[in-house]
Amino acid sequence: MEQKQSGTGGSLVAAGLALSLVVLTFSTIYIFFKRTWWFPEPISAFAEAVDRQFDRTLVITGLVFFLAQLALGYVIFRYRDRGGRARYSHGNTVLEILWTSATAVMFIGLGIAAERAWASLHWMGAAPGAMQVEITGKQFAWNFRYPGADGQFGRTDPSLVNDAAGNPVGLDTNDAAAQDDVVTATMAVPVNQEVEVILRAVDVTHSFFVRELRFKQDAVPGMVIRLHFKAEKTGSYEVACAELCGLGHHRMRTVLQVLPEDEFQAWLREQAAE
Amino acid sequence: MAEAHAVAHEAPKGFIRKYIFSLDHKVIGIQYILLALAAVFVGMFLSLLMRLHLVWPNAKLPFFDVMTPEQYLALMTMHGTIMVFFVLTTAPQSGFGNYFLPIQIGAADMAFPTLNMLSFWFTFVSFAVMMAAFFVVGGAPISGWTAYPPLSAVGEIAGPGLGWGQSLWVISIAIFCGASLMGALNFITTTLDLRTKGMSLMRMPLTCWAWFVTAILALLGFAVLLAAGILLLLDRHAGTSFFVPGGLVITEKLIPHKGGSPLLWQHLFWFFGHPEVYIAILPGMGITSHILSTFARKPIFGYRAMVYAIFAIALLGLSVWGHHMFTSGMSPYSAFAFSLLTMSIGVPSAIKTFNWIGTLWGGQIRFTTPMLFAIGFVSLFVSGGLSGIFLAQPAVDLPLHDTYFVVGHFHLIMGVAAIFGMFGATYYWFSKMFGRQMSEFLGKLHFWPTFIGVYCIFMPMHFIGLAGHERRYPDTTAVQYLAALQPVHLFMTIAAIVTIAAQFIFVFNFFWSLWRGKKAEVNPWEATTLEWTVPSPPPHDNFAGRYPAVYRGPYEYGVPGAAKDFTPQHVPDGAGGAGSH
Ligand code: HEM
Ligand SMILES: [Cu+2]
Ligand SMILES: [Cu+2]
C-alpha cells in the first residue's frame with residue numbers, strides 16, 4: 001500500500017516542512033542575537049542580576065530550541081516514506097532515563113540559580129536608613145508621597161480622598177505628621193541611594209512597572225507592600241501600569257527621575273512649595 | 001464486560017431525539033465540535049478587530065465606528081474567554097473525546113448518556129449567556145478573562161461593562177463549570193468501567209489516557225472555579241466581601257465592602273487556571289501522539305513513559321498556580337516553591353517532545369494533512385514551552401509578567417498548539433465521523449499559511465514583550481517607548497489577516513467534504529485502533545452489539561514478520577496475518 005501516499009509529493013512536503021523549521025530556528029535565534037527589540041539598559045545591580053539570569057536561561061533554552069526544532073526537521077526529511085517498513089521499536093529505556101535526568105538537572109539548576117536575585121529583592125528588607133516613598137495607584141494615575149522633614153508619613157483616610165481639592169491620597173491634615181508630607185504626580189529619587197517603596201492602591205489593583213529597574217510590583221487594595229531598589233544611573237524613566245485596571249489602564253503613565261542628591265533635594269523643595 | 005453493554009440504549013426515532021436532545025455520544029460530540037467551530041470564528045473575528053485597532057486606531061471598523069478603549073478591552077475579554085472556555089475546553093475534550101473515547105475503548109456509549117446530554121446543553125446555555133453580555137447596557141465586561149477583583153466585583157462604578165456584562169460573564173462561567181463537572185465525571189467513569197475485553201489500561205490509545213487525565217484535572221479545577229464564581233457573584237449582588245477589602249474609594253465614592261482579599265480570587269482562579277492550560281493541551285498531546293504513530297508507521301516511542309509523563313504533568317500542573325502571581329504581593333517564600341515546581345514540569349514536557357521525535361525516528365513518514373498538523377504541534381509545543389522557562393523564574397518574570405511576552409507564550413502553547421491538535425483531529429477523524437474524506441489538497445493548502453502565519457503573529461510578541469510592551473493596552477500612544485514597537489504591530493496584524501483568511505479554506509473544505517467528499521473506507525489510514533474497525537460513520541451503538549476483544553497495545557505498526565505493516569488491536573494473534581511480538 002506504500003505507493004498510495006509516497007512518491008515525490010511526499011518528498012516535496014517533507015523538504016518544505018524541514019526547510020520551514022530550519023528557517024524558523026535560524027531567524028528566531030538571529031532576532032534574539034540582534035537585540036533590535038530588547039530590554040533597555042539596566043540601571044541597578046538588581047536589574048543586572050536579572051539580565052544575567054535571563055541570559056543564562058536564553059543560552060539553555062536556545063540550545064534546546066535549536067536541537068529540538070532541527071532534530072524534528074531532520075527526522076521528517078530523513079524518514080519520509082520511501083517504501084518499505086519502518087524500524088520496529090517500542091523505545092529505549094536508557095535513552096529515556098538519560099534525557100530525563102539531563103533536562104531535570106538543567107531546568108531545576110536554572111531555577112535554583114534564579115532565586116538569588118529574587119531573594120535580594122524580596123527576602124531581604126531595605127537597607128536601614130533607606131529613604132521611603134509611598135506609591136499609590138488609582139484609576140488612572142500614580143501618586144507619590146514623601147514623608148517630609150519629620151521622616152514620618154502622616155495618617156490617611158479613604159473618606160478624605162478628593163482629587164478636586166488636591167488630596168488624591170486622602171491625607172488627614174489634622175495629623176501633625178501629615179503636615180509636611182509631600183504628594184507628587186511624578187517620582188524622583190536620588191541616585192545611588194537605597195529607596196524603600198511602599199505600594200498601596202485606592203480602588204482596584206494596579207502594577208508599578210519600571211523597565212530599566214526590571215521592577216514590577218502590583219499595588220493591591222487592602223495591602224501594603226514594601227520593596228526596595230537602588231537606581232545607579234541618573235536619567236528620566238517611564239513608569240507604566242502593568243495590571244489591567246479599567247478603561248484608562250494604558251494611559252496610567254508617569255516618570256521616574258533619578259537625580260543627583262542636590263538636584264533631588266531641590267526637586268523635593270519645589271514640589272513641597274506647590 | 002457486562003456493564004459495557006448495559007448502557008446501550010434504543011436508537012431514537014424522531015429528529016429532536018436524534019439530533020437535538022440526543023443521548024448518543026457521537027451526536028453530542030459533533031454538537032460540541034460545531035459549537036466550538038462557531039465560537040472560534042466569533043473569537044477570531046474579535047481578535048481581528050483588536051489587531052486592526054492596534055495598528056489603525058482611527059479607522060472605522062465594522063460594528064464600531066472608531067473603537068474606544070473600553071470597547072477594545074471588552075473585545076479582549078470576550079476573545080480570551082470564548083477561546084479558552086468555548087473553544088479549547090470544548091472541542092478537544094468534550095467534542096472529540098465524546099465521540100472517540102467510547103469507540104476507542106470498545107463501548108457502546110458514555111457511562112451516563114443523560115448526563116452527557118445535559119452537559120452539552122449546559123455548555124450551550126452558558127455560551128448563549130456569555131454572548132448576551134455583548135447586548136446588555138454597558139456592553140461586555142472589560143476585566144479580562146481573569147476577572148480580577150476588585151475591578152470585577154464592584155460594579156459599573158469601576159468602568160463600563162462591569163455591571164450587567166460582568167454579571168452575565170460570571171453566571172455564564174458558573175454554568176460552564178457545572179457542565180464541565182458533569183462531563184468530567186462521565187469521562188472518568190467511562191474510562192474506568194466500560195473498557196471492552198482485553199482493553200487493559202496500558203493498552204489504551206494515548207488519546208484515551210489524555211482524555212482521562214484531562215477529566216481528572218477538570219473535576220478538580222472547575223469545582224474550585226465554580227466556588228470562586230459563586231463567591232464573586234455574592235460579592236457583586238449580595239453585599240458580601242470575599243474579594244473586596246475595606247476602604248476602597250472608586251471615582252471618589254467610598255465602597256461599603258469590608259474585609260475581603262483580592263489575592264484570594266487570584267489563588268482560586270489560578271488553581272483552576274493553570275490546570276486549565278493542561279485541560280486545553282493534553283487532548284492535543286494525545287491526538288498528536290496518535291497521529292504521529294499512525295503516519296510514521298511505528299509504535300509510539302516509550303508508551304509507558306508517555307503515560308507517566310501525562311500523569312506527572314497533571315500532578316505538577318495542580319501545584320504551580322502561583323507562577324501567575326509572582327508580582328501579586330503573595331508570600332515571596334512560596335514563590336520559591338512555585339518556581340521550582342514549575343521548572344519541574346519542563347521535565348515531563350521534554351519527555352513528551354523527545355518521544356515524539358523518537359517515534360518519527362526510523363519511521364516511514366506519510367505526509368498526510370493530519371500528520372502535518374501533528375508535526376506542527378510538536379514544533380509549536382517546543383517554541384511555546386521554552387518561553388515558559390523564563391516566566392517560571394520569579395526574578396526573570398518581573399520584567400516579563402503582564403507583557404506581550406506572556407501573550408506570545410500562551411498563544412503558542414495553549415492557543416495555537418491546541419488548535420493544531422484540533423485541526424489534526426479533524427483531518428484525521430473526519431471520514432470516520434461523516435463518512436467522507438476531506439480534501440487532502442485543500443488540507444495542505446490550509447496548513448502552510450496557518451503554520452507560517454501563527455509563527456509570524458505570535459513569535460514577534462515575545463520581542464515587544466522584552467522591550468516592555470504591556471498587555472491589555474488598547475492604545476500605545478501614552479507610553480512613549482511603545483512608539484518604536486509599532487512596526488512590529490503592523491507586521492503581526494498583516495500576518496493575522498493572512499492567517500485568518502486561510503481559515504476559510506478549512507471551513508470550505510469541511511462543508512464541501514461533508515456533502516461532496518470522497519466516500520470513506522472503514523480504515524483509510526491503515527490504522528490499528530478500534531475506531532477503524534467500525535463503519536464510517538459508526539451505527540448508533542458503535543459495534544452493532546458485537547463488542548470487539550482486544551489482543552494487544554494500540555500502536556503495533558511495522559511488526560516484523562506480519563503480512564501488513566499494521567496489526568490492529570482486535571485481531572487475535574496468528575489470525576489475519578498478524579505477527580506476534
Ligand atoms: C486568530 C488568532 C489570534 C489572534 C490574532 C489573537 C490576538 C489576540 C490579541 C490582540 C489579544 C489582546 C492582547 C492584549 O491586548 O493584551 C489576545 C488576547 C488573548 N487571546 Fe488571542 N488571538 C488569537 C487566537 C487565540 C486563541 C486560539 C486563544 C486560545 C487560547 C487565544 C486566547 C487569548 C487569551 C486568553 C487572551 C487574553 C485575554 C485577556 O488578557 O484577558 N487567542 N489575543
Ligand atoms: Cu492599569
Ligand atoms: Cu500556569
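This structure is a prediction, so every number in the text was calculated from the model and none was measured.

Engineer: Looking at this structure, how should I read the overall build of chain A?
Structural biologist: Counting secondary structure elements, chain A contains 4 helices and 10 strands. Its helices and strands taken in sequence order, chain A reads α-α-α-β-β-β-β-β-β-β-β-β-β-α from the N to the C terminus. Computed over the C-alpha atoms, the radius of gyration of chain A is 27 Å, more than 25% above the 19 Å expected from 2.2 N^0.38 for a compact globule of 274 residues. A principal-axis box enclosing the C-alpha atoms of chain A has dimensions of 90 × 40 × 35 Å. Put simply, chain A has 274 residues, and 51% of those count as buried. Sequence separation of 24 or more characterises 69% of the internal contacts of chain A that already satisfy a separation of 6 or more. For chain A, the computed accessible surface area is about 12000 Å², with 60% contributed by carbon and sulfur atoms.

Engineer: Please explain the coordination of the copper ion (ligand 3) as it appears in this structure.
Structural biologist: Geometry sets the ideal angles at a metal, namely 109.5 degrees for four tetrahedral donors and 90 or 180 degrees for six octahedral donors. Residues and elements named next belong to chain B. Ligation of the copper ion (ligand 3) by protein atoms is provided by His 274 (ND1), His 323 (NE2) and His 324 (NE2), these donors lying 1.6 to 2.0 Å from the ion. We note that the donor set of the copper ion (ligand 3) lies within a single chain, spaced as H-x48-H-H. Note that His 274 is positioned in helix H9 (residues 262-296) and His 323 in the loop between helix H10 (303-317) and helix H11 (332-360), a separation of 49 residues in sequence. For the pair shown, His 274 and His 323 are each scored as buried.

Engineer: Honestly, the domain arrangement of chain A in this entry has me stumped. Any pointers?
Structural biologist: How big an interface is tends to be stated in terms of accessible area lost as the parts join. Residue and element names in this part refer to chain A. Split by domain assignment, chain A resolves into domain 1 (8-81 + 93-122) and domain 2 (131-273). Taken over C-alpha atoms, the centre of domain 1 sits 39 Å from the centre of domain 2. Across the contact, 14 residues belong to domain 1 and 14 residues belong to domain 2. Buried surface at the junction of domain 1 and domain 2, summed over both partners, amounts to about 1200 Å²; 58% is from carbon and sulfur atoms. If you sort the residues of domain 1 by the area they bury against domain 2, Pro 40, Ile 43 and Leu 121 come out on top, with a joint share of 53%.

Engineer: Before we go on, may I ask you to explain the environment of Ala314(B) in this structure?
Structural biologist: Residues and elements named next belong to chain B. Position of Ala 314 among the secondary structure elements: in helix H10. In this structure Ala 314 comes out as buried when scored by relative accessible area, which is 7%. The residues contacting Ala 314, other than those within four sequence positions of it, are Val 213 and Leu 217.

Engineer: How should I be thinking about the nonpolar core in this particular structure?
Structural biologist: Generally speaking, a soluble globular protein has its nonpolar side chains buried in company with each other. If you look at the biggest cluster of nonpolar residues, it comprises 270 residues, and the most contacted ones within it are Ile76(A), Tyr146(A), Met187(A), Phe208(A), Phe85(B), Phe222(B) and Trp429(B). Not counting residues up to four positions away in its chain, the partners in contact with Met187(A) are Val133(A), Ile135(A), Phe144(A), Tyr146(A), Val197(A), Phe208(A), Phe229(A), Val255(A), Leu256(A), Gln257(A) and Trp267(A). Of all hydrophobic cores here, the second largest spans 5 residues; its members include Phe107(A), Met343(B), Ile389(B) and Ala392(B).

Engineer: Is there a simple way to think about the pattern of salt bridges in this case?
Structural biologist: Side chains carrying opposite charge are able to pair once their charged atoms draw close together. Residue and element names in this part refer to chain A. Inspection of every chain in the model, using the stated rule, returns 19 salt bridges over all chains. Of the charged contacts, one joins Asp 181 and Arg 145 as a salt bridge, the two residues approaching to 2.6 Å between their closest N and O atoms. Of this pair, Asp 181 sits in the loop between strand S2 (141-146) and strand S3 (182-184) while Arg 145 is found in strand S2, placing the two residues 36 residues apart along the sequence. A residue is classified by how much of its surface remains accessible, and Arg 145, at 2% relative accessible area, is buried. Between Arg 226 and Glu 196 there is a salt bridge, and its shortest N-O distance comes to 3.5 Å. Of the two residues, Arg 226 is situated in strand S8 (residues 225-230) and Glu 196 in strand S5 (residues 194-201); the sequence distance between them amounts to 30 residues. Here Glu 196 falls in the buried class, since its relative accessible area comes to 14%.

Engineer: Looking at this structure, how should I read the packing of aromatic side chains?
Structural biologist: The geometry of an aromatic ring pair is captured by the separation of the ring centres together with the interplanar angle, meaning the angle of the planes. Residues and elements named next belong to chain B. Within this structure, the stated rule accounts for 78 aromatic pairs over all chains. Relative to Phe 272, the ring of Phe 222 has its centre 5.0 Å away and its plane inclined at 50°; by these criteria the two rings are tilted. Linking Phe 222 in helix H8 (residues 206-237) with Phe 272 in helix H9, this pair joins segments that are 50 residues apart in sequence. For the residue pair Phe 222 and Phe 272, the accessibility class agrees, reading buried in each case.

Engineer: Could you clarify how one ought to interpret the domain arrangement of chain B in this entry?
Structural biologist: All names here are of chain B. Taken domain by domain, chain B holds domain 1 (23-260), domain 2 (314-513) and domain 3 (520-581). Listed per partner, the contact involves 14 residues of domain 2 and 14 residues of domain 3. Both faces combined, the contact of domain 2 with domain 3 buries some 1100 Å², and carbon together with sulfur accounts for 51% of it. Linking domain 2 with domain 3 are 1 salt bridge, by the criterion used here. Measuring nitrogen to oxygen at the nearest pair gives 2.8 Å for the salt bridge that ties Arg 366 to Glu 526. Taken together, the links from domain 2 to domain 3 amount to 9 residue pairs in polar contact (both at pLDDT 80 or more). Of the residues in the side of domain 2 that touches domain 3, the class split is 6 nonpolar, 4 polar and 4 charged.

Engineer: I keep staring at the coordination of the iron atom of ligand 1 and nothing clicks. Help me out?
Structural biologist: Here the iron atom of ligand 1 is held by His79(B) (NE2) and His411(B) (NE2), and the distances to it run 2.0 Å. For His411(B), a relative accessible area of 17% gives the class buried.

Engineer: Explanation requested: the site of ligand 1 in the structure shown.
Structural biologist: All names here are of chain B. The full set close to ligand 1 counts 22 residues, and Tyr 72, His 79, Trp 145, His 411 and Arg 472 are the nearest of them. Within the side chain of Tyr 72, an N or O atom sits 2.7 Å from an oxygen atom of ligand 1. Between an oxygen atom of ligand 1 and a side-chain N or O atom of Arg 471, the distance comes to 2.9 Å. Of the residues forming the shell around ligand 1, the biggest block, 7 residues, is contributed by helix H4 (residues 69-88). For the shell around ligand 1, the per-class residue count stands at 14 nonpolar, 6 polar and 2 charged.

Criteria and cut-off values
- What you see as residue numbers is a count from 1 along each chain, following the sequence as written.
- Throughout, the order in which chains and ligands are written sets their labels, letters from A for the former and numbers from 1 for the latter.
- Restriction of local features to residues with pLDDT of at least 70 applies here, the model being predicted, together with a cutoff of 80 or more for giving and counting side-chain atom pairs; totals for whole chains, interfaces and linings are based on all residues.
- Just so you know, side-chain values use all the structure's heavy atoms and leave hydrogens and water out.
- Counting from the N terminus, the helices are the DSSP runs of H or I reaching at least four residues and the strands are the DSSP runs of E reaching at least two.
- We compute the radius of gyration from the C-alpha atoms alone; for a globule the expected value is 2.2 Å times N to the 0.38, where N is the number of residues.
- Exposure classes here rest on a 1.4 Å probe applied to the protein chains alone. A residue is buried below 20% of its type maximum, exposed above 50%, and partly exposed in between.
- For this analysis, residues touch if any pair of their heavy atoms sits within 4.5 Å.
- Areas reported here follow the Shrake-Rupley algorithm with a probe of radius 1.4 Å; residue values treat only the protein chains shown as occluding.
- Ligating atoms shown are N, O and S within 2.8 Å of the metal, or 3.2 Å for Na, K and Ca, and water is not included, meaning a site may look less than complete.
- Note that the domain bounds were set by an automatic or database domain assignment.
- Two parts placed together each lose some accessible area under a 1.4 Å probe, and adding up what both lose gives the buried area.
- Put simply, a nonpolar core is a bunch of buried Ala, Val, Leu, Ile, Met, Phe, Trp, Tyr and Cys residues held in one set by side-chain atoms that sit within 4.5 Å of each other.
- For this analysis, a salt bridge means a side-chain nitrogen from Lys or Arg found within 4 Å of a carboxyl oxygen belonging to Asp or Glu.
- Two aromatic rings from Phe, Tyr or Trp, using only the six-membered ring of Trp, form a pair when their centres are within 6.5 Å; if the ring planes differ by under 30 degrees the pair is stacked, by over 60 it is edge-to-face, and anything between is tilted.
- Polar contact is the term for a pair of N or O atoms within 3.5 Å; when the atoms are in protein, one must be able to donate a hydrogen and the other to accept it, and sequence-neighboring residues count only if both atoms are side-chain atoms.
- All amino acids are sorted into three groups, where Ala, Val, Leu, Ile, Met, Phe, Trp, Tyr, Cys and Pro are nonpolar, Asp, Glu, Lys and Arg are charged, and the leftover types, Gly among them, are polar.
- Here a residue counts as near a molecule or strand whenever at least one of its heavy atoms sits within 4 Å of it.

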